[in-house]
Amino acid sequence: MTSTSLPRERFDLPAALSRAFEADLTRPLPFAILGLVFILLRLPFVDYGHGTDPDAWRVALTAHHLLDTGDYFPSRLPGNPLHEFVTTLAIPGGWIATNVTTALASLAGVYIFGRIVRQLAVPHAGLITVAFAFTPLLFINSLATMDYMWTLTAILGAYYAVLRDRPLLAGVLIGVAIGFRLQSFILFVPFAYLLWRREQLRELPSFVLAAAGVAALAFAPVLAVYGTRFMNFYDAPVAFEDVMRLLGKEALGVIGGAGVLVALLVSLPRFRTLPRDIAGDTQVGFWFLTVAIYFASFFRLPHEVAYLIPVFPFGLMIMGRYFRSGALAGAVVCILLAGVVDITTPSDNIGPGSWRDASAGKGLVLSNAETMDAQRDFVDEIMRATVPEHSVVMTGFIFPQIAVRERGRLDSRILQRDFGAISMLSDRGEADDEQNDIRYVWLLTYESYQAMQAQGYAFFLVPDAAIGTAALYDYRPTLM
């Protein structure tokens with residue numbers, strides 16, 4: 001018999017896709033490949049800066065101040081002490097070092113997520129692990145000097161510890177999550193539910209004590225500086241239109257959100273068992289309770305869509321369990337695509353009128369990089385501006401970035417020791433060009449403005465600072 005007469009095996013594409021969707025990506029070789037792709041896709045963005053959120057630059061400012069002076073002041077109240085101390089260790093390497101450490105912490109979270117979905121036998125474990133690794137909002141925050149992904153990795157570690165019957169370790173990790181982000185204390189409720197449903201309620205006291213003990217140790221430096229006044233935060237109403245924009249455009253992108261919605265509609269018959277599953281299945285109940293609590297927390301203070309980051313892994317588990325295979329694959333493709341290209345509108349609103357001029361544009365990841373470029377150019381523009389000696393420049397939200405980027409020529413210090421301020425180093429800080437007696441600040445309280453005015457300083461300000469001063473301190477420097 002010749003080789004040409006041997007029957008050929010036909011390639012079975014559906015079977016191959018099914019195997020890929022169910023693959024265990026935590027095995028050494030698959031995870032090495034996943035991790036390599038994870039890092040390589042992020043490398044082009046690690047040198048963009050600490051992030052587009054002023055809070056990322058506030059964290060860097062805290063780390064630099066701690067190294068330079070030995071004095072610790074939180075980047076913003078109520079404090080994110082564990083993240084600030086971790087950043088202090090990496091800050092000598094600049095934003096490349098801090099961003100790489102965030103990426104590695106995020107990759108650890110991907111591994112833990114993969115272990116969880118394999119242990120729970122969640123359908124399509126491989127596919128939703130890939131989605132978790134490359135979802136645009138998580139991608140962006142894995143490349144910034146922010147606490148979100150550190151917190152999420154600790155939360156997933158706590159969940160995995162409970163699944164491995166190690167509730168004491170879970171308590172320690174929830175305490176770590178609280179130390180990175182105080183909002184994590186809301187997880188006491190779903191984790192208590194999880195221990196109860198697993199008939200481990202007797203472990204709840206040790207879980208709570210471990211979490212509370214670690215959190216208390218983490219916040220000890222904040223308490224040492226502020227005492228009970230540390231429970232302060234920026235609490236301002238957010239317009240309904242802004243909340244809808246966060247959820248509709250920035251959470252998954254327009255294409256990603258539409259893909260998930262279509263997949264949900266296609267898979268709707270599978271959700272008929274959902275009420276029974278929430279009541280009867282411990283894990284499904286835990287997923288939905290966690291999602292519900294985080295959404296409730298978000299709607300209390302909906303300033304940043306990143307507050308919802310802990311929803312993503314549990315949402316993906318729900319999608320993996322209930323979405324049809326094809327619908328899930330389509331939704332994941334849409335989510336990942338939205339990082340590169342998305343539907344954009346001339347305005348930030350998402351009302352009916354805003355869609356008339358909608359067009360294809362850069363997706364979440366690329367537009368985030370574009371925003372970082374624009375912010376860097378803005379800093380350069382401010383620093384190139386001709387400002388006479390003996391002047392104050394009110395820079396608005398870009399101040400922490402100026403203070404960090406221009407450390408070589410500006411000296412940062414606290415202008416006013418106001419323990420009622422959200423951030424002593426930025427809200428009440430200044431960066432001084434001592435040679436020319438030019439003082440750069442975020443905004444000024446009216447008292448500080450009057451004091452500097454009495455000293456003969458001239459004032460210059462950007463539009464954002466004019467708006468912010470009027471809104472927060474009820475005066476307009478341009479009219480004084």
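Before reading on, note that the structure itself is shown above.
Residues numbered from 1 in each chain as written. Predicted model: local features only at pLDDT ≥ 70, side-chain atom pairs only at ≥ 80, totals over all residues. Heavy atoms only, no water.

A.B. asks: Account for the sheet that holds strand β7 (residues 458–461), with residues named and values stated.
C.D. replies: With mixed pairing, the five strands of this open sheet are ordered in space as β4-β5-β6-β3-β7. For this open sheet the edge positions go to β4 (411–414) and β7, each flanked by a neighbour on one side alone. The mean inter-strand angle of the sheet, taken between neighbouring strand axes irrespective of direction, is 25 degrees. Here strand β3 (residues 391–394) pairs with strand β6 (residues 438–441) via four bridges, running parallel. (Pairing = 2+ DSSP bridges. Helix = DSSP H or I, 4+ residues; strand = E, 2+ residues; numbered from the N terminus. Axes fitted to C-alpha atoms, helices over the stretch in contact; angles between N-to-C directions.)

A.B. asks: Which residues make up the nonpolar core, and what values do they have?
C.D. replies: Y159, F191, W287 and L444 are the most contacted members of the largest nonpolar core, which has 131 residues in total. Per element, the largest residue contribution to this core is 12 residues, and it comes from helix α8 (residues 148–163). Apart from residues lying up to four places away in sequence, F191 is in contact with I155, A158, Y159, V162, I174, F207 and F286. Ranked by size, the runner-up nonpolar core spans eight residues in total, among them F45, V46, L143 and L364. (Core = buried A, V, L, I, M, F, W, Y, C linked by side-chain atoms within 4.5 Å. Buried < 20%, exposed > 50% of the residue type's maximum accessible area, 1.4 Å probe, protein only. Contact = heavy atoms within 4.5 Å.)

A.B. asks: A description of the packing of aromatic side chains should follow, citing residues and the corresponding values.
C.D. replies: Using the criterion set out here, one finds 25 aromatic pairs in the structure. Ring centres 5.5 Å apart and planes at 15 degrees place the aromatic pair W150 and F180 in the stacked group. Here the residue W150 occupies a position in helix α8, and F180 occupies one in helix α9 (residues 167–180), the gap between them amounting to 30 residues. For F180, a relative accessible area of 6% gives the class buried. Ring geometry for F286 against F314: centres 5.7 Å apart, planes inclined by 80 degrees, an arrangement best described as edge-to-face. Placement of F286 in helix α15 (residues 282–300) and of F314 in helix α16 (residues 311–322) is noted, with a sequence separation of 28 residues between them. Exposure remark for F314: the relative accessible area of 0% places this residue in the buried category. Following the ring pairs from residue to residue traces out a cluster consisting of Y159, F188, F191, F207, F286 and F314. We note R42 situated over the ring of F38; from NZ or CZ to the ring centre the distance is 3.5 Å. (Phe/Tyr/Trp six-rings, centres within 6.5 Å; stacked < 30°, edge-to-face > 60°. Lys NZ or Arg CZ within 6 Å of the ring centre and 35° of its normal.)

A.B. asks: Lay out the pattern of salt bridges with the relevant residues and their values.
C.D. replies: Here the structure, examined in full by the defined rule, presents 16 salt bridges. Of the charged contacts, one joins K362 and E370 as a salt bridge, the two residues approaching to 3.2 Å between their closest N and O atoms. Looking at E370, the relative accessible area reads 42%, which means it is partly exposed. Linking R413 and E434 is a salt bridge whose minimum nitrogen-to-oxygen distance equals 2.6 Å. Here the residue R413 occupies a position in strand β4, and E434 occupies one in the loop between β5 (429–433) and β6, the gap between them amounting to 21 residues. What makes E434 partly exposed here is its relative accessible area of 49%. Each of D55, R58, R76, D147, R181 and D427 takes part in a single network of salt bridges with overlapping partners. (Salt bridge = Lys/Arg side-chain N within 4 Å of Asp/Glu carboxyl O.)

A.B. asks: Help me get a handle on the environment of G361, residues and values and all.
C.D. replies: Note that G361 resides in strand β2 (residues 359–362). Sequence separation between G361 and V243 is 118 residues, and the spatial gap between their C-alpha atoms is 22 Å. If near-sequence neighbours (up to four positions away) are discounted, G361 is found in contact with V340, V341, D342 and T344.

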